[in-house]
Amino acid sequence: MIEIDHLSKSYGTHQVIKDVSLSIEAGEVLAIIGRSGSGKSTLLRCLNGLEQINGGALRVDGQAVSYDKRSLRQLRKRVAMVFQSYNLFPHLSAQDNVALAPRIVGKLERKASLDIAHEMLGRVGLSDKHNAYPRDLSGGQQQRVAIARALAVRPEILLLDEVTAALDPELVGEVLKVLGDLAGEGLTMVLVTHEIAFARKAANRVAFMHEGRIHEIGPADDIIGNPQTPELQRFLASVIA
């Protein structure tokens, strides 16, 4: 589904991603872990065309990623992204936040877009919050609305960038449950996370990024339960302690 071939990304003279190669199969859940500044979020943004690569190649379902407006629009119908901050429109209800993408991107009428919004809010456990505004929702509920909004375009791939990082600890569980349900449904997902226990449970594979490179990658139980390099051992010790 995703092929990354010797990808590099720099900002000026600072190289953030260094010669990364990776393949992700349809229906796979890949968790990317690593310290802040290791290139995790930048790699995720490259997959959605939010960052333009400087070297190598990137293909989604065999199609090379291009950066003209039409190609990016088509890419983002297939590859949706959820960010650490919810980015909900405060003046719109939950259902209208979710319905916006089907209406604008899919050119659907209001009723059809609201039908999709109700379906997706149901998928994330918010059937009773259609008319609630962001100010009336907890952080966990707002993040679930953001996930529903991403699902509303019916993507083939869902990218998630530290979606629990801004939440209070007691709200993390409700978001992780939604992601676990999506993983069980066979949606292809790539997630950057510090939730090591969740990565081990939900992901097929875990990739550890260190200084812009994929330092270790393999089955989740192997990577987390039996780290091979001092760098990964130190990282896991710091986040699991």
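Calculation rules
Starting afresh in each chain, residues are numbered from 1 along the sequence in its written order. Local features in this predicted model are restricted to residues whose pLDDT is 70 or higher, and side-chain atom pairs enter the listing and the counts only when it is 80 or higher, whereas totals over whole chains, interfaces and linings include all residues. Side-chain measures were taken over the full set of non-hydrogen atoms in the model, leaving aside hydrogen atoms and water. Salt bridge, as used here, is a side-chain nitrogen of Lys or Arg placed within 4 Å of a carboxyl oxygen of Asp or Glu. Runs of H or I in DSSP of at least four residues are treated as helices and runs of E of at least two as strands, each being numbered from the N terminus. Remark: exposure states derive from per-residue accessible area (1.4 Å probe, protein chains only) relative to the maximum for the residue type, with buried under 20%, exposed over 50%, and partly exposed in between. Strands qualify as paired when DSSP identifies two bridges or more between them. Where helices are involved, their axes are fitted lines through C-alpha atoms of the stretch in contact, as for all axes, and angles between N-to-C directions lie from 0 to 180°. UniProt positions are given in the numbering used here, feature names are shortened, and annotations may be inferred rather than shown by experiment. For Phe, Tyr and Trp, rings pair up if their centres lie within 6.5 Å, where Trp contributes its six-membered ring, and each pair is then called stacked (planes under 30 degrees apart), edge-to-face (over 60) or tilted (otherwise). Here, a charge over a ring is recorded when the distance from Lys NZ or Arg CZ to the ring centre is within 6 Å and its angle to the ring normal is within 35 degrees. Here, expected helix span is obtained from the residue count minus one, scaled by 1.5 Å. Throughout, the arc means that of the directions going from the helix axis to the C-beta atoms. Here, residues are in contact when the closest pair of their heavy atoms is within 4.5 Å. If you view a crossover with the strands going away from you and the path from the first strand over the helix to the second runs clockwise, you call it right-handed.

Considering the pattern of salt bridges
Should the charged atoms of two oppositely charged side chains come close, the side chains can pair. What the rule picks out here adds up to 13 salt bridges. With its nearest N and O atoms 3.1 Å apart, the salt bridge here joins R110 to D96. With R110 in helix α4 (residues 110-123) and D96 in helix α3 (residues 94-104), the pair connects residues that are 14 residues apart, well separated along the chain. For the salt bridge of D115 with K111, the shortest nitrogen-to-oxygen distance reads 3.1 Å. With D115 and K111 both in helix α4 and four residues apart, this pair spans about one turn of that helix. Assessed through its relative accessible area of 60%, K111 is described here as exposed. Residues participating in the shared-partner salt-bridge network are K9, R45 and E51.

Points about the sheet that holds strand β10 (residues 213-219)
Ordered in space as β6-β7-β8-β3-β9-β10, the six strands form an open sheet in which the pairing is mixed. Each edge of the open sheet carries a strand with a single partner, namely β6 (79-82) and β10. Sheet twist, expressed as the average angle between the axes of neighbouring strands with direction ignored, equals 15 degrees. As paired strands, strand β3 (residues 29-33) and strand β9 (residues 205-210) are joined by four bridges and run parallel to one another.

What about the UniProt feature "domain: ABC transporter" (unreviewed entry) in the chain?
With numbering matched to this structure, UniProt assigns "domain: ABC transporter" (unreviewed entry) to residues 2-236. The straight-line gap between the two end C-alpha atoms of residues 2-236 is 27 Å; of that span, 39% is helix and 26% is strand.

Observations concerning the packing of aromatic side chains
All told, the structure shown has one aromatic pair when counted by the stated rule. Residue placement shows R135 over the ring face of Y133; its charged tip is 4.9 Å from the ring centre.

A word on α4
A rise of 1.5 Å per residue sets the reference length of α4, with its 14 residues, at 20 Å; its end C-alpha atoms lie 20 Å apart and thus fit the reference within 8%. Residues of α4 that are buried include every one of S113, L114, I116, A117, M120 and L121, and no others. Buried residues along α4 cover an arc of 160 degrees about the axis, so they all sit on one side. Those residues of α4 that are buried lie in contact with α3 and α5 (139-151).

Looking at the pairing of strand β7 (residues 157-161)
The element β7 is extensively covered by neighbouring structure, given that five of its five residues are classed as buried. Alternating residues of β7 divide into I157, L159 and D161 and L158 and L160, and every residue in both groups is buried. Examined bridge by bridge, β7 and strand β8 (residues 188-192) share five bridges and lie parallel to one another. Looking at β8, one finds that L159 is bridged to V190. Note that the unit made of β7, helix α6 (residues 169-184) and β8 has a crossover that is right-handed.

Digging into the sheet that holds strand β5 (residues 63-64)
If you trace the four strands from one edge of the open sheet to the other, you get β2-β1-β4-β5, paired in antiparallel fashion. With partners counted over all chains shown, the strands left at the sheet margins are β2 (14-24) and β5, one partner each. As paired strands, strand β1 (residues 2-11) and strand β4 (residues 55-60) are joined by five bridges and run antiparallel to one another. The residue bridging I2 from the neighbouring strand is V60, located in β4. Packed on one face of the sheet, helix α1 (residues 40-47) meets β1, β2 and β4 and runs near 120 degrees to β1.

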